[in-house]
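# Understanding the architecture of this molecule
Letter by letter, the chains look like this.
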Amino acid sequence: MAFESLASRLQSAFDKLRGRGKIDEAVVSEAMREVRLALLEADVNFKVVKDFVARVKERAVGQEVLKSLTPGQMVIKIVNEELIELMGGNVAQLAASHRPPTVVMMAGLQGAGKTTTTGKLAKYLQKQNRKPLLVAADIYRPAAIKQLQVLGDQLNVPVFSLGDQVSPVEIAKQAIDHAKANHLDYVIIDTAGRLHIDEALMEELKQVREVARPDEILLVVDAMTGQDAVNVAESFNSQLELTGVILTKLDGDTRGGAALSVKAVTGKPIKFAAMGEKLDALEPFHPDRMASRILGMGDVLSLIEKAQEAVDEEKAKEMERQMRQGEFTFDMFLDAMQQMRNLGPFEDLLGMMPGMNKMKGSVKVDEKQIARVEAIAKSMTKEERSNPELLNASRRKRIAAGSGTTIQEVNRFIKQFDEMKKMMKQFTGVADKMKKKAKKKGFGLPFMGKGGNQGGNNFPFNFKPPFK
Amino acid sequence: MSFFKRLRDAIVQKSEAVTQKFTDGLAKTRDLLVEKVEDLVRRYKKIDENFFEELEEILITADVGVNTVMELIDELRSEVRKQKIEDAMDLQPILSEKLVALLKNDDSMDAGLNIEDGRLNVILFVGVNGVGKTTTIGKMAHMFKQQGKKVLLAAGDTFRAAAIEQLEVWGDRVGVDVIKHQQGADPAAVIYDAVQAAKSRGVDILLCDTAGRLQNKVNLMEELSKVHRVLQRELPGAPHEVLLVLDATTGQNALSQAKTFGKSAGVTGIVLTKLDGTAKGGIVIAIRNELNIPVKYVGLGERMDDLQPFDPEQFVHALFAGLIAQETEGEQQPEA
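Residues numbered from 1 in each chain as written. Chains lettered and ligands numbered in written order. Predicted model: local features only at pLDDT ≥ 70, side-chain atom pairs only at ≥ 80, totals over all residues.

### Brief notes about the overall build of chain B
Within chain B one finds 14 helices and eight strands. Across the 336 residues in chain B, those meeting the buried criterion constitute 51%. Contacts in chain B between residues at least 24 apart in sequence constitute 78% of all its contacts with a sequence separation of at least 6. (Helix = DSSP H or I, 4+ residues; strand = E, 2+ residues; numbered from the N terminus. Buried ≥ 20, exposed ≤ 12 C-beta atoms within 10 Å, placed from the backbone. Contact = placed C-beta atoms within 7 Å.)

Laid out in structure tokens, this is it:
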């Protein structure tokens, strides 16, 4: 729900920041306000947000903006990198003891999804040809044992239970012996949900840990948890020394900021994400995907990455130098076109821009038209390309014939090119001035067609051509 | 008379025991929220930008919800300007008053359950997975049983493993019957049977369990709409209450839950569970503010009788107990 609104909000904040070469204090503060709100709305803990924003700010101020990005996008890029970094970078693995059985203990609040996740984990191990044993140590909740047994039946996995009159400590002890005797290589202990402030029950968990000596103690956390996630995680971690976290109910529409909070306070990796009702809906956790989910940025990030790869910085620099001297030739135009096309089909690019999705239908970008323009430019001789003044009537006729277009089209293109050239000269002037003019005149590239120009849908909306 | 005094007087008339339960159940919430506000007020003699920023932080940490907090802070800002408040201490009662106002039910809105004697009353429970629907039904069945009502339970969660058994255990504990089918059966069919059974047995209150479902699963929400339709068709006026069960630890997503379940199942009220943790359940303020759905009951503990009718005054009283005690002391001294 908050998805689109956030992306467009960031966009509008960044619109104000266009046309700056370096990220200065003001740019960062502006962007950080939106990022802070985005993170808070995603339920990331307040303190975590504070630290995070401070760190990003420090890193971002004074950064050189990549040629292909706006300062706002640059900030987001940094934010995203930091987010991924904070969430653990790589996909974490489940431990495997070299002296089987490997013991995994599940812990968490009531209703986080421990029992269901226990079943899912068994299925996951089964797929890797492991032989898990499920241990029903939740003796408190009505029918919890039965629930685990039903799951065990569905999966064809043995379930160890001593009823609800035996202490969980005893159950765990006997279960491990049972696993050893039957050559089962994983023991997954499902414990009862408990509040982290319930001292008696936390003590019980500690005793289970003493006896079972688990290789993994996994905290099961509901992805929808709010600000309290830090308290829960901190408390479970300090009392049990967790080895990892499983995030559940991620198939909902929550942004899942709890993931970040939990990781930040415990420092323990998030190992799995539960994403559905079915028993095979357990996946290894991908920090990068979670980062974009929390930010609600959609595909802006992948666009930023694309731009990074596609734009040849050297060429861009050379072009910039020329532009400053007031030159603009067809060669430069072709280069710029080529770099943009490296990013992929135009329609796709539009779709990736936040807020541009709506426009996708209304702005007609005719790929064929782009090809024609390119053909015209390519049908010129080298001299003509570097010196547009040469283009007299006879040469235009030849170009039209060579590119399979008409003289009218060639004329229109040349005229638009001249307009662009004028614009470019102003580019080299004060940036603000340029912005105003561009708005008034409509900085249209030739292939935008008439509709594009009249509608005021200026081509470089947010995306700057590699030259400035 | 100061605001706190009025609030306290209002509370005094309510049963001591219930107040105690609220105070105990919300102990953690109170410690965190109130102490922070107190500390803040003490540290800032003068109100400035930093003061508001820290206040914002405290409220957001209580899951009150970003939009609601921003609104609240804006209101406080203009209040400060209007009344030319400089001392942070003077802002404290205004803050509490605004919080109570946010939670207070309009006169038009009944915080009690729509239960009438002499007819079959149907209550439908909905919510996402793991919020405590079945447990809440157990507790509520116990409550109605204590009131001498004839209660019947419908095991409408046919999806989750052993959910039916879980409800049956509650049925045994409380001493009420459970209408059930097999796991995997059509929940609408279970509800249909339950209504027929309730009619023929002359039951006062029928509590219908449903499977937990995430609100963005369109098909599952459709299923819920069907259950709702079956109830409407089989018994005019039913369901008399549709209660959305919310976990107090839930963050901003609770808003989305309230919205979507409101649409598919016509939610009439909220039961806020697990409020005895460290969670503050501040999200109910946001829900109240943005969606206008009243909180009707709160779960404050693990025991059967730990389900209490929600009382906004109690809630705020419990949250600000420290402040109220202080202020009334301060007032009594000059009188003495």
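### Re the sheet that holds strand 6 (residues 244-248) of chain A
Residue and element names in this part refer to chain A. Strand order in the open sheet formed by eight strands is 3-2-4-1-5-6-7-8, with mixed pairing between adjacent strands. Edge positions in the sheet fall to strand 3 (159-160) and strand 8 (282-284), since each has one partner strand and no second. Of the strand pairs in this sheet, strand 7 (residues 270-274) and strand 8 are connected by three bridges, and their pairing is antiparallel. Looking at the pairing, Ala273 lines up with Glu283 of strand 8. (Pairing = 2+ DSSP bridges.)

### Comments concerning the interface of chain A and chain B
Opposite the 31 residues of chain A that make contact, chain B presents 33 residues. At the level of elements, helix 2 (25-41) and helix 6 (144-155) of chain A are the ones that each hand at least two residues to the side of chain A that touches chain B. Looking at which element gives the most residues to the side of chain A that touches chain B, the answer is helix 6 of chain A, with four residues. Classifying every residue of the side of chain A that touches chain B gives 13 nonpolar, 10 polar and eight charged. (Nonpolar A, V, L, I, M, F, W, Y, C, P; charged D, E, K, R; others polar.)

### Observations concerning the nonpolar core
The tendency in soluble globular proteins is for nonpolar side chains to be buried as a group. Core analysis: the largest hydrophobic core is formed by 181 residues, its most contacted members being Val135(A), Val187(A), Ile189(A), Leu247(A), Leu206(B) and Leu207(B). Ranked by residues supplied to this core, first place goes to helix 3 (residues 46-60) of chain A with seven residues. Ignoring any residue separated from it by four or fewer positions in sequence, one finds Leu247(A) in contact with Val221(A), Ala223(A), Gly256(A), Ala259(A), Ile270(A), Ala273(A), Ala274(A) and Phe285(A). If you look at the next biggest cluster of nonpolar residues, it comprises 12 residues, including Phe330(A), Ile376(A), Ile399(A) and Val410(A). (Core = buried A, V, L, I, M, F, W, Y, C linked by C-beta atoms within 7 Å.)

### Re the packing of helix 7 (residues 168-181) of chain A against helix 8 (residues 199-212) of chain A
Pairs of packed helices are described in terms of their axes, by the angle between the two and the distance that separates them. All names here are of chain A. Taken N-terminus to C-terminus, the directions of helix 7 and helix 8 make an angle of 20°; their axes are 9 Å apart at the nearest point. When the axes of helix 7 and helix 8 are compared, the pair comes out roughly parallel. Here helix 7 and helix 8 pass one another in a crossing that is right-handed. Contacts between helix 7 and helix 8 involve Pro168, Val169, Ala172, Lys173 and Ile176 on the former and, on the latter, Glu204, Gln207, Val208, Val211 and Ala212. (Axes fitted to C-alpha atoms, helices over the stretch in contact; angles between N-to-C directions. Parallel < 35°, antiparallel > 145°, perpendicular 65-115°, else oblique. Left-handed = near helix turned anticlockwise from the far one by under 90°.)

### Quick look at the confidence of the model for chain A
Close inspection of predicted coordinates is inappropriate in any region flagged by low pLDDT. Residue and element names in this part refer to chain A. On average, residues of chain A score 77 in pLDDT, and 72% of them are at 70 or above. Here helix 21 (residues 449-454) is the element of chain A with the lowest mean pLDDT, 34, and strand 4 (residues 186-191) is the one with the highest, 95. A low-confidence stretch, residues 354-362 stays under pLDDT 50, and its non-local contacts, those more than four residues away or across chains, total 16 contacts. Counting contacts from residues 430-468, a segment whose pLDDT is below 50, to residues more than four positions away or on other chains yields 63 contacts. (pLDDT = per-residue confidence, 0-100.)

### A few points about the pairing of strand 4 (residues 205-208) of chain B
Residue and element names in this part refer to chain B. Of the two faces of strand 4, both are covered, the one formed by Ile205 and Leu207 as well as the one formed by Leu206 and Cys208. Bridge analysis of strand 1 (residues 121-126) against strand 4 gives four bridges, and the strand direction is parallel. Looking at strand 4, one finds that Asn121 is bridged to Ile205. As defined by bridge partners, strand 2 (residues 151-154) adjoins strand 4 across four bridges and the pair is classed as parallel. The partner of Leu152 across the bridge, within strand 4, is Leu206.

### Structural notes on the sheet that holds strand 5 (residues 241-247) of chain B
Residues and elements named next belong to chain B. With mixed pairing, eight strands are arranged side by side in an open sheet as 3-2-4-1-5-6-7-8. Of all strands in the sheet, those with a lone pairing partner are strand 3 (177-179) and strand 8 (307-309), marking the two edges. When the angles between neighbouring strand axes are averaged without regard to direction, this sheet yields 25°. In the sheet, strand 6 (residues 269-273) pairs with strand 7 (residues 295-299) via three bridges, with the strands oriented parallel. Bridge pairing links Ile270 to Val295 in strand 7. Helix 8 (residues 163-174) rests against strand 2 and strand 3 of the sheet, and its axis sits at about 155° to strand 3.

### Concerning unusual backbone geometry
Across the junction of Pro100(A) and Pro101(A), the peptide omega takes the value 5°, indicating a cis bond. Looking at the element boundaries, Pro101(A) is found in the loop between helix 4 (71-86) and strand 1 (102-108). Following Ala238(B), the chain continues into Pro239(B) via a peptide bond in cis, with omega recorded as -10°. As for its placement among the helices and strands, Pro239(B) is situated in the loop between helix 10 (218-234) and strand 5. The backbone of Asp43(A) shows a phi angle near 75°, a positive value even though the residue is not glycine. Tracing the sequence through the fold places Asp43(A) in the loop between helix 2 and helix 3.

### Looking at helix 7 (residues 133-146) of chain B
Residues and elements named next belong to chain B. In this model helix 7 runs 20 Å from its N-terminal to its C-terminal C-alpha over 14 residues, within 8% of the 20 Å that 1.5 Å per residue would give. The element helix 7 is extensively covered by neighbouring structure, given that 11 of its 14 residues are classed as buried. If you check which residues of helix 7 are buried, you get Lys133, Thr134, Thr135, Thr136, Ile137, Gly138, Lys139, Met140, Ala141, His142 and Phe144. Positive backbone phi, approximately 80°, marks Gly148, located one or two places after helix 7. (Expected span 1.5 Å × (residues − 1).)

### Overview of the confidence of the model for chain B
Residues and elements named next belong to chain B. With 81% of its residues at a pLDDT of at least 70, chain B reaches an overall mean of 82. With pLDDT under 50 throughout, residues 329-336 is counted as low confidence; its partners more than four residues away or in other chains account for two contacts. Reported for the predicted complex are a pTM of 0.71 and an ipTM of 0.79.

### Quick word on the packing of helix 4 (residues 49-61) of chain B against helix 5 (residues 66-83) of chain B
Residues and elements named next belong to chain B. One can describe the packing of helix 4 onto helix 5 by two numbers: an axis separation of 10 Å at closest approach and a directional angle of 145°. Crossing of helix 4 against helix 5: the hand is right-handed. Contacts between helix 4 and helix 5 pair Phe52, Leu55, Glu56, Leu59 and Ile60 from the former with Val66, Val69, Leu72, Ile73 and Arg77 from the latter. Of the residues assigned to the contact of helix 4 with helix 5, the class counts are eight nonpolar, no polar and two charged.

### Looking at the pairing of strand 6 of chain B
All names here are of chain B. In terms of burial, strand 6 is a largely internal element, five of the five residues being buried. By the alternation rule, side chains of strand 6 split into Gly269, Val271 and Thr273 and Ile270 and Leu272, which are all buried. Pairing geometry for strand 5 and strand 6, over five bridges, is parallel. Counted as the bridge partner of Asp247 is Thr273 from strand 6. Handedness of the β-α-β unit built from strand 5, helix 11 (residues 253-265) and strand 6 comes out right-handed. (Right-handed = clockwise from strand over helix to strand, strands pointing away.)

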